[in-house]
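Fold and contact review
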Amino acid sequence: MRRLRQVTKIVREQGARQLGARLLTAATRRLGVEGEEMPVRLEDVRRADVESRRPVVIPPIPPGGKLTINWVTTPPSKGSGGHTTMFRLIRHMESLGHECRLYLYDTFGNTVADLEAGIRDAFPFFTGSIHDVTDGMADAHAVFATAWITAYPVFNDPCAGKRFYLVQDYEPWFYPQGGLYTLAENTYRMGMHGFTAGRFLADKVLDDHGMPADHFDFGCDVGTYRLGGGERDGIVFYARRKAPRRAFELGVLALELFAERHPDLKIHVYGEKIGRLGPQFVDHGLVTPDELNAIYNRCFAGLSLSMTNVSLVPHEMLAAGCVPVVNDAHFNRVVLDNDHVRYAAPTPHALARALSEVVISPDFDAIARAASSSVEGRSWDAAGHELEKVLRRELAT
């Protein structure tokens, strides 16, 4: 029944021609031929003349100051760092009495009825309504794009509300320089106001595209990730084979070199199942936050790679007394800004050496305590407070 609803929805919104293109793509994949679906609806791209601007209409803010905010997002899923950060901001805004509505942008034909139960299960604190953005949005004070593909419907929709852009990564870098790279890059030219994860991205979109932006500092859920008292038996790797920016291949090579030097230590891997790589590897797959904290507390060091913007992982590791080893990059240093992070050149040997240096450090208990203390007080409330401050300022102008 769900598959029938998907097909019906694709035909209604995008026409039989698009359905045929999808079926052809699926067939070529089964035959081993290269084929890639567009992550954004072509009609949304066609409608978006990014050089044109419609007047900004902001509904009157009621006397109590309650704001209404539309959030346009891809279907949220449990374990997604980007969605988790978005919902942390939404949770803070709802706690202040503001109304937050979720508008789903789905290119696979799923309906809200298909997706809502999973969203409510993954983010049970969310109290707002959930809608399909293709049905149109109701007027709001602020309308947020939350990823490059969602910027197109945010730009095109005629609803009232100042446009904002939650930027958590420089998404053109997800692709080779070509069509998708350019379509992603164009979204920073749509006249929205950015709210970025870390200062690097705010500087990047302003310097390269003239997009004004404020930023928030990364928080850390120190209620979940905290120092324990157990024995440590190895290292940990955040593995995301399906996300090229997480440099899975580079990480595995570094781990293999590390394993040769330290055959007595375990290598814990989480994020997605990758299969058994050797006797030292423990493949945890997708885990809950509590399970992840337990893994961090078993490890001296953690390998967290990002070739674009930094991930949430290093701060979580620090909170548990696990020293993060990350690829040395300007954006990582700017955003992390923590003396307990170990930076290494993005080569297998350099990363393996950095991991090795951590595990042979004398008095590691003192190192773990200092690392954990370095993120004390770093909550997500500060990011929520910054968001409300930005919204109040921008909506008053």
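You'll find the structure just up there.
This text gives an overview of the structure that appears in the document. Worth saying up front: this structure is predicted, and the values here are computed from it rather than measured. (Residues numbered from 1 in each chain as written. Predicted model: local features only at pLDDT ≥ 70, side-chain atom pairs only at ≥ 80, totals over all residues. Heavy atoms only, no water.)

**Focus: the overall build of the chain**
- Helix and strand content of the chain: 14 helices and 13 strands.
- What you see for the chain is a C-alpha radius of gyration of 22 Å, in line with the 21 Å of a compact globule of 397 residues.
- If you line up the chain on its principal axes, its C-alpha atoms span 60 × 60 × 40 Å.
- The buried share among the 397 residues of the chain stands at 55%.
- Counted over contacts in the chain with a minimum sequence separation of 6, partners at least 24 positions apart contribute 67%.
- Accessible surface computed for the chain: about 18,000 Å², of which carbon and sulfur atoms make up 52%.
- For the chain, the centre of its 45 positive side-chain charges and the centre of its 49 negative side-chain charges are spaced 4 Å apart. (Helix = DSSP H or I, 4+ residues; strand = E, 2+ residues; numbered from the N terminus. Rg over C-alpha atoms; globule rule 2.2 N^0.38 Å. Buried < 20%, exposed > 50% of the residue type's maximum accessible area, 1.4 Å probe, protein only. Contact = heavy atoms within 4.5 Å. Areas by Shrake-Rupley, 256 points an atom, 1.4 Å probe, with all protein chains shown as cover. Lys, Arg positive; Asp, Glu negative; His and termini not counted. Charge placed at Lys NZ, Arg CZ, Asp CG, Glu CD.)

**Digging into the packing of aromatic side chains**
- What the rule picks out here adds up to 22 aromatic pairs.
- Both rings, one in Trp71 and one in Phe144, keep their centres 4.4 Å apart while their planes meet at 10 degrees; by these two values the pair is stacked. In this pair, Trp71 sits in strand β1 (residues 68-73) while Phe144 sits in strand β4 (residues 142-145), placing the two residues 73 residues apart along the sequence.
- In this structure Phe144 comes out as buried when scored by relative accessible area, which is 1%.
- Seen in terms of ring centroids, Phe87 and Phe126 are 5.5 Å apart; in terms of plane orientation they differ by 75 degrees. Their pairing is edge-to-face. With Phe87 in helix α3 (residues 81-95) and Phe126 in the loop between α4 (112-122) and β3 (130-132), this residue pair connects regions lying 39 residues apart in the sequence.
- Through a chain of ring-to-ring contacts, three or more aromatic side chains come together here, namely Tyr165, Tyr170, Trp173, Tyr188, Phe200 and Phe331.
- We note Arg91 situated over the ring of Phe125; from NZ or CZ to the ring centre the distance is 4.2 Å.
- Positioned above the aromatic ring of Tyr170, the side-chain terminus of Lys204 is 4.9 Å from the ring centre. (Phe/Tyr/Trp six-rings, centres within 6.5 Å; stacked < 30°, edge-to-face > 60°. Lys NZ or Arg CZ within 6 Å of the ring centre and 35° of its normal.)

**Examining the state of the cysteines**
- Here the structure, examined in full by the defined rule, presents zero disulfides.
- Cysteine Cys299 shares no disulfide, and the gap to the nearest cysteine sulfur, in Cys322, comes to 5.4 Å. (Disulfide = S-S within 2.5 Å.)

**Structural notes on the sheet that holds strand β8 (residues 234-238)**
- If you walk across this open sheet you meet the six strands as β10-β9-β8-β11-β12-β13, and the pairing is parallel. On the outer flanks of this sheet lie β10 (281-285) and β13 (342-344), each paired with one strand and no other. Here the average twist between neighbouring strands, direction ignored, is 25 degrees.
- Strands β8, β9 (266-270), β10 and β11 (299-303) of the sheet are contacted by helix α8 (residues 248-261), whose axis makes an angle of about 170 degrees with β8.
- Sheet contacts for helix α12 (residues 348-359): β8, β11, β12 (323-327) and β13; angle to β11, the most-contacted strand, approximately 160 degrees. (Pairing = 2+ DSSP bridges. Axes fitted to C-alpha atoms, helices over the stretch in contact; angles between N-to-C directions.)

**Some thoughts on helix α13 (residues 364-373)**
- If you check which residues of α13 are buried, you get Phe364, Ala368, Ala371 and Ser372. For α13, the angular spread of buried residues about the axis comes to 95 degrees, placing them on one side.
- Looking at the packing, one finds that the buried side of α13 touches β11, α10 (313-319), β12 and α12. (Arc of directions from axis to C-beta.)

**Concerning the nonpolar core**
- One finds Trp71, Leu102, Phe144, Trp148, Tyr296 and Leu391 to be the most contacted residues of the largest nonpolar core, which totals 92 residues.
- Three or more residues apiece are contributed to this core by two domains, here domain 1 (45-219 + 382-395) and domain 2 (234-374).
- Excluding anything up to four places from it in sequence, Tyr296 contacts Tyr225, Arg232, Val236, Tyr270, Val313, Glu316, Met317, Ala320 and Cys322.
- Of all hydrophobic cores here, the second largest spans 32 residues; its members include Ile235, Phe237, Leu250 and Phe300. (Core = buried A, V, L, I, M, F, W, Y, C linked by side-chain atoms within 4.5 Å. Domains from an automatic or database assignment.)

**Some remarks on the sheet that holds strand β2 (residues 99-104)**
- Across the sheet, seven strands lie side by side as β3-β2-β1-β4-β5-β6-β7; this open sheet has parallel pairing. Each having just a single partner strand, β3 and β7 (213-216) make up the two edges of the open sheet. Strand-to-strand twist across the sheet, computed as the mean angle between neighbouring axes with direction ignored, equals 25 degrees.
- Bridge count between β2 and β3: three bridges; the pairing is parallel. Opposite Leu102, over in β3, you have Ile130 as the bridge partner.
- The strands touched by helix α7 (residues 199-209) within the sheet are β5 (162-167), β6 (193-197) and β7, with β7 carrying the most contacts at an inclination of about 165 degrees.

Everything listed here is a matter of geometry and, on its own, says nothing about what the molecule does.
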